[in-house]
Amino acid sequence: MNTPKILAPAGDKNSFLAAIAAGADAIYCGLKLFSARMEAENFSTEELARLTQLAKSRHIEVYVAFNSIIKESELEKVYKILSKLCRFVDFDALIVQDLAMINLAKKAGFKKEFHLSTLGNCTFPSGLKTSDLLGFKRVVLPRELSIDEIKEMAQNTPKNIELEVFIHGALCYSISGRCYWSSWFGGKSSLRGRCVQPCRRIYEQKGQKKRHFSCMDFSADVLVKILKQIPQISTWKIEGRKKSPHYVYYTVKAYKLLRDDPK
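Residues numbered from 1 in each chain as written. Predicted model: local features only at pLDDT ≥ 70, side-chain atom pairs only at ≥ 80, totals over all residues. Heavy atoms only, no water.

## Description of the pairing of strand β11 (residues 233-238)
Burial runs high along β11: six of the six residues are buried. Examined bridge by bridge, strand β1 (residues 5-9) and β11 share three bridges and lie parallel to one another. When the bridges of β11 are listed, K5 appears paired with T235. Taken together, the five bridges between strand β7 (residues 162-169) and β11 define a ladder with parallel strand orientation. Across the sheet, residue L163 finds its bridge partner in β11, namely I233. (Buried < 20%, exposed > 50% of the residue type's maximum accessible area, 1.4 Å probe, protein only. Helix = DSSP H or I, 4+ residues; strand = E, 2+ residues; numbered from the N terminus. Pairing = 2+ DSSP bridges.)

Encoded structure:
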């Protein structure tokens, strides 16, 4: 039986420590800039270097989400940040959506794994083949896929690629952030990590005031037995870099129970 890694979110130091305490297999987090969750507190390079060292002492992997779209005017700035990151932080993978990041990161000295963010929008089997050609070692599937669609993706996954699936957290009204609503409302782009979540607000329609557009949040707890039977899925991902340490700790603990002791 496949034993997937449980990947925990960390939006600040306390959530990072909660993920370690709960026994997560891996932790993903972002820097102060160019992350898809810019509203989280996030990390400086110096802080992340120390926390990563602690995680590694517990055999926990660390992935850095550098997954917002990069503007042409920002290339030099991105290169400098990546160079500093590669020099001082012993992390295991870079999560990206912008393909320009691959050459930039290699130029900055990055020699480990590239993971294609869910924002990279790999929704069809042909996209997995392209991801393989580009050098990605893992693809994060959109959380909107059904179990049958996930199985179809798995059956067409190249041998060099692993799949990562979301098992818990928020759902996006659009397809994993491919949405201009927040930009139209106030110039804050979801693809630049600054979504103000207008879909979760209260609107009035025909005299009814409610959250007409808000999705229910997502929990795949009833599907973990099925997901464990798909060998291409190497990782279960918990969404929530803006959530509390309490959420991180107990969600990791819950899915460890479901994975390791389902009875």
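Don't stop here, the text continues.
## Comments concerning a nonpolar patch on the surface
Side chains of Y180, W184, F185 and V196 sit close together on the surface and give an oily, nonpolar patch of about 510 Å² of accessible area. By the secondary structure assignment, W184 is in helix α7 (residues 181-186). (Patch = residues over 30% accessible without salt bridge, like charges linked within 9 Å, V, L, I, M, F, W, Y side chains within 5 Å. Areas by Shrake-Rupley, 256 points an atom, 1.4 Å probe, with all protein chains shown as cover. Salt bridge = Lys/Arg side-chain N within 4 Å of Asp/Glu carboxyl O.)

## Brief notes about the packing of aromatic side chains
Under the definition given, this model contains eight aromatic pairs. Geometrically, the ring pair formed by F16 and F43 is edge-to-face, given 6.0 Å between the ring centres and 75° between the ring planes. Taken together, the positions of F16 in helix α1 (residues 13-22) and F43 in the loop between β2 (26-29) and α2 (45-57) put the pair 27 residues apart, joining distant regions of the chain. Summarising the burial analysis for this pair, F16 and F43 share the class buried. Aromatic pair W181 and F213: ring centres 5.1 Å apart, planes at 90°, arrangement edge-to-face. With W181 in helix α7 and F213 in the loop between β9 (208-210) and β10 (218-219), this residue pair connects regions lying 32 residues apart in the sequence. Overall, the relative accessible area of 18% leaves W181 in the buried class. Judged by relative accessible area, which is 30%, F213 ranks as partly exposed. Through a chain of ring-to-ring contacts, the aromatic side chains of W181, F185, Y203 and F213 assemble into a single cluster. Between the NZ or CZ atom of K107 and the centre of the ring of Y79, over which it lies, the distance is 4.8 Å. A cation over a ring is seen here: K243 above Y247, with NZ or CZ 4.3 Å from the ring centre. (Phe/Tyr/Trp six-rings, centres within 6.5 Å; stacked < 30°, edge-to-face > 60°. Lys NZ or Arg CZ within 6 Å of the ring centre and 35° of its normal.)

## A word on the packing of α1 against helix α9 (residues 245-260)
Two elements in contact, α1 and α9, have axes whose closest approach is 8 Å; the angle formed by their N-to-C orientations is 25°. Taken together, the axes of α1 and α9 lie roughly parallel to each other. Crossing handedness for the pair α1 and α9: right-handed. Taking contact as the criterion, the partners of N14, S15, A18, A19, A21 and A22 in α1 are, on α9, P245, V248, Y249, V252, K253 and K256. Among the residues making up the contact of α1 with α9, the classes are represented as eight nonpolar, two polar and two charged. (Axes fitted to C-alpha atoms, helices over the stretch in contact; angles between N-to-C directions. Parallel < 35°, antiparallel > 145°, perpendicular 65-115°, else oblique. Left-handed = near helix turned anticlockwise from the far one by under 90°. Contact = heavy atoms within 4.5 Å. Nonpolar A, V, L, I, M, F, W, Y, C, P; charged D, E, K, R; others polar.)

## Some thoughts on the packing of helix α3 (residues 75-88) against helix α4 (residues 100-107)
Running from amino to carboxyl end, α3 crosses α4 at an angle of 50°, the nearest separation of the two axes being 9 Å. Here α3 is positioned oblique relative to α4, judged by the angle of their axes. Of the two possible hands of crossing, α3 and α4 adopt the one that is right-handed. Where α3 approaches α4, its residues L75, V78, Y79 and L82 are matched on the opposing element by M101, L104, A105 and K107. The residue makeup of the contact of α3 with α4, split by class, is seven nonpolar, no polar and one charged.

## Things to note about the pattern of salt bridges
Enumeration according to the criterion identifies eleven salt bridges in this entry. Residue D90 is joined to K112 by a salt bridge in which the shortest nitrogen-to-oxygen separation is 2.8 Å. Of this pair, D90 sits in the loop between α3 and β4 (93-96) while K112 sits in the loop between α4 and β5 (113-116), placing them 22 residues apart in sequence. The exposure class of D90 is partly exposed, given its relative accessible area of 44%. A salt bridge links R259 to D260, with the shortest nitrogen-to-oxygen separation between them at 2.7 Å. Here the salt bridges share partners, and the residues they tie into one network are K56, D90, D92 and K112.

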